Structure formats: C-alpha cells, structure tokens
Amino acid sequence: MAPNTTTDVGEPAPQPPIRIAFIDDHPTLLMGMSALFASNPRFEIVGSGVSADDAVAVARQHKPDVLTMDLSMPGDVYAAITEVLDASMATRVIVFTAYADVDRALMAIDSGAHGFVLKGQPAEELLAAIDSVRRGSLYISPEFAPKVLSGFRHRSQREVEKSAAKLSPREKQLVDCLFEAMSNKEIARTLNLTEKTVKHYMTNLMNKLKVKSRLEVVLAASRLRLRYGPEEVTGDDA
C-alpha cells in the first residue's frame, strides 16, 4: 500500500513574521520595546535607530513592514517620514510619541504617517495600531483621535475660507446670483454670459470651495457670510 502523503489542507499556512523596526532616542524605551517584541513570535525585529537619519537608513536597508518612530529625535522627523516611504513604499510608519499635540499629529499624517500612538498606553494599543495600519487603515490613539479629527475639520474650514477669499469678481457675482436662487439661464442673462461660461464658473467655484453641488456652494458661502459679513464673500468689485 502506498504511504499516505496527504496533508490537512484545512490548516492555514503559517504567516511570515511582521518585520518591524524601532526608531527612538530614549535608550531605555528602545531596549524595552525590542525585548517585548523579540519575545513575540509574530514579529521579527530588523532594525533600530535613534534619529531621523537612522529611520531613513533602516528603511533603505531593511524595508521593514512596520517602522515606529518618535517625534522628539535629532533631525527633521517629518521629512524623514516622507523619505522612509520613498525608500520603502510598503513600509507602514507609526509615530510613537509622548506629544499629544494636534498640529504635530497633522504634520506627521500629512508627511505620510499611517498611525499616531501616544506613549504611556498598554502595549496592546501599539499591537492594535500595527494590525490596523497593515490592513490599510489610519490609526490614532482613541483618546486622542477626536482632537485630531477636530483639527482636520478646522483646517478644512480654513482652506475653504482661504479659497473663498480668492474668488474672482465674476465668481463673487455668481455667488450673489446663487443667493437669489437663479438658474444657469437666469445667471447667464443677468451677467451677460453664455450658459456654458456660467457652468465653467460654477465648476471653478465648487473646486475652490471643495464642494460638489450648487446647494453646497450656497451653504458654504452662507457660512462665510455669517462669519465675515457679505462684503468679505461677495464684494462690490467689478
């Protein structure tokens, strides 16, 4: 009888360890993290460092799956985040810091960071962040996330306000017409334009105000009028 060479195809294939690197200029913390993850079979530590330059060098040499880095280190950490991703596109960068500062968090995320975890939390949170960013999600420490999201909203509003301040005289006239609930045909007749030109200006308005419909243009302009007064939004200049 031939020997039985079948295998249990129901068992999942073992997953390769997650290749991780730690960049932090606090030796005690760096040693503690290395010891913690070295004892976990899910991970393989492939590098470490103490500066922004080290982060880029480790990324280039080892291409880790995940790289954690502090914000308070020698060098330009925000530029380093971008350089890490340029050197290793598949690497997921998690900022691991004591700074619960919204502006720093926004700068890190703008630079390309996939996660922002506050130090002082249980180790399980960093593990959760690693799993989350590897699934393609943005992870922010739960107790800090509402402040960061509020920062995103406030910044978006400032960008809309800045865009509104740059409206051309013709776009400001178009806003006035929208407040009068005019159709494109009525706007064209009032401003002595073709309907095609009105549609062109409308598209520009939506792009500048970061909205997707005529109604949202009106709502955005209304909010700005309440904040600054009608002369700041529409103006009388020709």
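Look above for the structure.
So, here is what we can say about the structure in this document.

The rules behind the values
- Residues numbered from 1 in each chain as written.
- Predicted model: local features only at pLDDT ≥ 70, side-chain atom pairs only at ≥ 80, totals over all residues.
- Heavy atoms only, no water.
- Helix = DSSP H or I, 4+ residues; strand = E, 2+ residues; numbered from the N terminus.
- Buried < 20%, exposed > 50% of the residue type's maximum accessible area, 1.4 Å probe, protein only.
- Contact = heavy atoms within 4.5 Å.
- Areas by Shrake-Rupley, 256 points an atom, 1.4 Å probe, with all protein chains shown as cover.
- Core = buried A, V, L, I, M, F, W, Y, C linked by side-chain atoms within 4.5 Å.
- 1 Å grid on protein atoms, 1.4 Å probe; cavity = no way out; pocket = protein on both sides within 12 Å on 5 of 7 lines; lining within 4 Å.
- Points joined across faces, edges and corners; volume = space filled by probe spheres on them.
- Nonpolar A, V, L, I, M, F, W, Y, C, P; charged D, E, K, R; others polar.

### Regarding the overall build of the protein
At step 1: The helix and strand inventory of the protein stands at eleven helices and six strands.
At step 2: Across the 238 residues that make up the protein, the buried fraction comes to 41%.
At step 3: Long-range contacts, defined here as pairs at least 24 residues apart, represent 63% of the contacts in the protein between residues at least 6 apart.
At step 4: Of the roughly 13,600 Å² of accessible surface on the protein, a fraction of 54% belongs to carbon and sulfur atoms.

### As for the nonpolar core
At step 1: In terms of nonpolar packing, the biggest core is built from 32 residues, with Met 69 and Phe 116 touching the most fellow members.
At step 2: Among the secondary structure elements, those contributing two or more residues to this core are strand S1 (18-23), helix H2 (52-62), strand S3 (66-69), helix H3 (77-87), strand S4 (92-97), helix H4 (102-111), strand S5 (115-118) and helix H6 (145-165).
At step 3: In terms of residue count, the dominant contributor to this core is H3 (seven residues).
At step 4: Once you skip the residues sitting within four places of it in the chain, Phe 116 turns out to touch Leu 71, Val 95, Thr 97, Tyr 99, Arg 104, Ala 105, Ala 108, Tyr 139, Ile 140, Ser 141 and Phe 144.
At step 5: Ranked by size, the runner-up nonpolar core spans 18 residues in total, among them Val 175, Leu 191, Leu 193 and Ala 220.

### Some words on empty space enclosed by the protein
At step 1: Under the defined criterion, the tally for this structure stands at one cavity of 30 Å³ or more.
At step 2: When its volume is computed, the largest cavity comes out at roughly 30 Å³.
At step 3: In this structure, the largest cavity is lined by Phe 22, Ile 23, Asp 24, Leu 30, Met 33, Thr 68, Met 69, Asp 70 and Phe 96.
At step 4: Elements that contribute at least two residues to the lining of the largest cavity include exactly S1, helix H1 (27-38) and S3.
At step 5: Here the lining of the largest cavity is composed, by residue class, of six nonpolar, one polar and two charged.

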